[in-house]
Amino acid sequence: MTPRDRTGETTARSGAAEPGIDPLGGLRGRGDPDCDVYLTGTVFLDIIFTGLDSAPVRGTESWARGMGSSPGGVANMATALARLGLRTSLSAAFGDDHYGEYCKDALEQGEGIDLSRSRTVPGWHSPVTVSMAYEGERTMVSHGHEAPPPDGALPECPPRARAAVASLVPGRRQDWIARAAGGGARVFADVGWDDTGSWDLRRLADLEHCEAFLPNAAEAMRYTGTECPRAAARALTEHVPVAVVTLGADGAYAVDGGTGETAEVPAIAVEALDPTGAGDVFMAGFITGSLAGWPLADRLAFAGLTAALSVQEFGGSLSAPGWAEVAAWWSYVRDDAGQDPGGLRRYDFLSSLLPAPARPWPLRRAVPTIGFRRST
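Remember, predicted model here, so these are calculated numbers, not experimental data.

(A) Up close: the pattern of salt bridges. All chains considered together, the criterion is met by 15 salt bridges. Between R162 and D36 there is a salt bridge, and its shortest N-O distance comes to 2.9 Å. You can see R162 sitting in strand β9 (residues 161–168) and its partner D36 sitting in strand β1 (residues 35–40), a full 126 residues away along the chain. Take R162 and D36: they sit in the same class, and that class is buried. As a salt-bridge pair, E264 and R230 come within 2.4 Å of each other at their nearest N and O atoms.

Rendered as structure tokens:
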């Protein structure tokens, strides 16, 4: 995939699913749950500086060639799910400041995410993350306070859903996860770095309610005491039905403990401009394929593809691809004589899923950036 020029002059873009593209269309019917996917967490306002030549140096002033803002935190996952056509419900707190109003409007009106189970908290300021992107990496500084408890009754949380997304916290049980699973939701979970250093799977109490667990290689190996990510994935299936271990530039490996099926898909080689939110996009792609009933290898390939498309854009939530981007990419690579035919066969399953692209690849994407220009 070729890099593309970014003029920095972007317009607002609705990232909601393209009309007529519904990955679960053939599965819908009477008695469907309230939503496809439910998730909860903290929404940050992400302020993003781009076009930095290197990391900031102490005692100096660094100038960025571009900057912008977008909803971040749990909004990254919610946006990625909604752009893939899943009916997404988010429960989160929003400040009554301008930042909170902007994030709420961007998610509800721009992305079509159901915020009926969210709340606005008077006098509470929105959490903020400043992200600096350089050399394919990013450095972040965040500030925020925990939202006060709700004052009065809220809509039922979690709602009845096909799936729920959970971020497991070592040593802390989240009651809503058990309720979601008890209501029939398929729970997909990831986990953050264990700052305590214990790396004890028994401290991930809610793992017992999960259908799939998606840690990265370092996390998986530490939790299982193994020295190989593939061995770690196999060991994890003693605790959860499906284990998916992301391998960074080497792709991902998955094991279905119930069927014994394994799958490994290499990463798509791209020029990574900003990896913010790539893990969320990967998980959203895997959840989409899982709910649609795809084979394990197809789910893994699609997750890797959506993540690869996202890292070629700046920003977190706004970099998540929709079906238009996937269709344009597939049309482009199939017609490119320089592509490896063997590698393309891994994505043949897309042919029966995708409409003819309305626009050619590469697409001009709306990015949360002002004034950044990058040469090809």
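(B) Highlighting the nonpolar core. Counting 67 residues, the largest nonpolar core has L90, F286, Y347 and L350 as the members making the most contacts within it. The greatest single-element share of this core, amounting to 10 residues, is contributed by helix α7 (residues 296–311). Core analysis: the second largest hydrophobic core is formed by 31 residues, A164, W199, F213 and A233 among them.

(C) How the structure looks around the sheet that holds strand β3 (residues 66–73). With respect to topology, 4 strands assemble into an open sheet ordered β3-β2-β7-β8, the strand pairing being mixed. Bordering the open sheet on either side are β3 and β8 (137–143), each of which pairs with just one other strand. If you compare each strand with its neighbour and ignore which way they point, the axes differ by 25° on average. As judged from the 8 bridges shared by strand β2 (residues 43–50) and β3, these two strands associate in the antiparallel manner. Note on β3: the bridge partner recorded for F49 is M67.

(D) Structural view of the packing of helix α6 (residues 278–292) against α7. Across the interface, α6 lies against α7 with an axial gap of 7 Å and an inter-helix angle of 145°. Seen from above, α6 lies across α7 with right-handed handedness. Facing α6, whose interface residues are A278, V281, F282, G285, F286, T288, G289 and S290, α7 presents L296, R299, L300, F302, A303, G304, T306, A307, S310 and V311. In terms of residue class, the contact of α6 with α7 is made up of 10 nonpolar, 7 polar and 1 charged.

(E) The packing of helix α1 (residues 74–83) against α6, seen in detail. Interhelical geometry of α1 versus α6 gives an angle of 40° and a closest axis separation of 8 Å. The angle between the axes of α1 and α6 places the two elements in the oblique class. The handedness of the crossing between α1 and α6 comes out as right-handed. Judged by residue contacts, N76, M77, A80 and L81 of α1 engage D280, V281, M283, A284 and I287 from α6.

Thresholds applied
Residues numbered from 1 in each chain as written. Predicted model: local features only at pLDDT ≥ 70, side-chain atom pairs only at ≥ 80, totals over all residues. Heavy atoms only, no water. Salt bridge = Lys/Arg side-chain N within 4 Å of Asp/Glu carboxyl O. Helix = DSSP H or I, 4+ residues; strand = E, 2+ residues; numbered from the N terminus. Buried < 20%, exposed > 50% of the residue type's maximum accessible area, 1.4 Å probe, protein only. Core = buried A, V, L, I, M, F, W, Y, C linked by side-chain atoms within 4.5 Å. Pairing = 2+ DSSP bridges. Axes fitted to C-alpha atoms, helices over the stretch in contact; angles between N-to-C directions. Left-handed = near helix turned anticlockwise from the far one by under 90°. Contact = heavy atoms within 4.5 Å. Nonpolar A, V, L, I, M, F, W, Y, C, P; charged D, E, K, R; others polar. Parallel < 35°, antiparallel > 145°, perpendicular 65-115°, else oblique.

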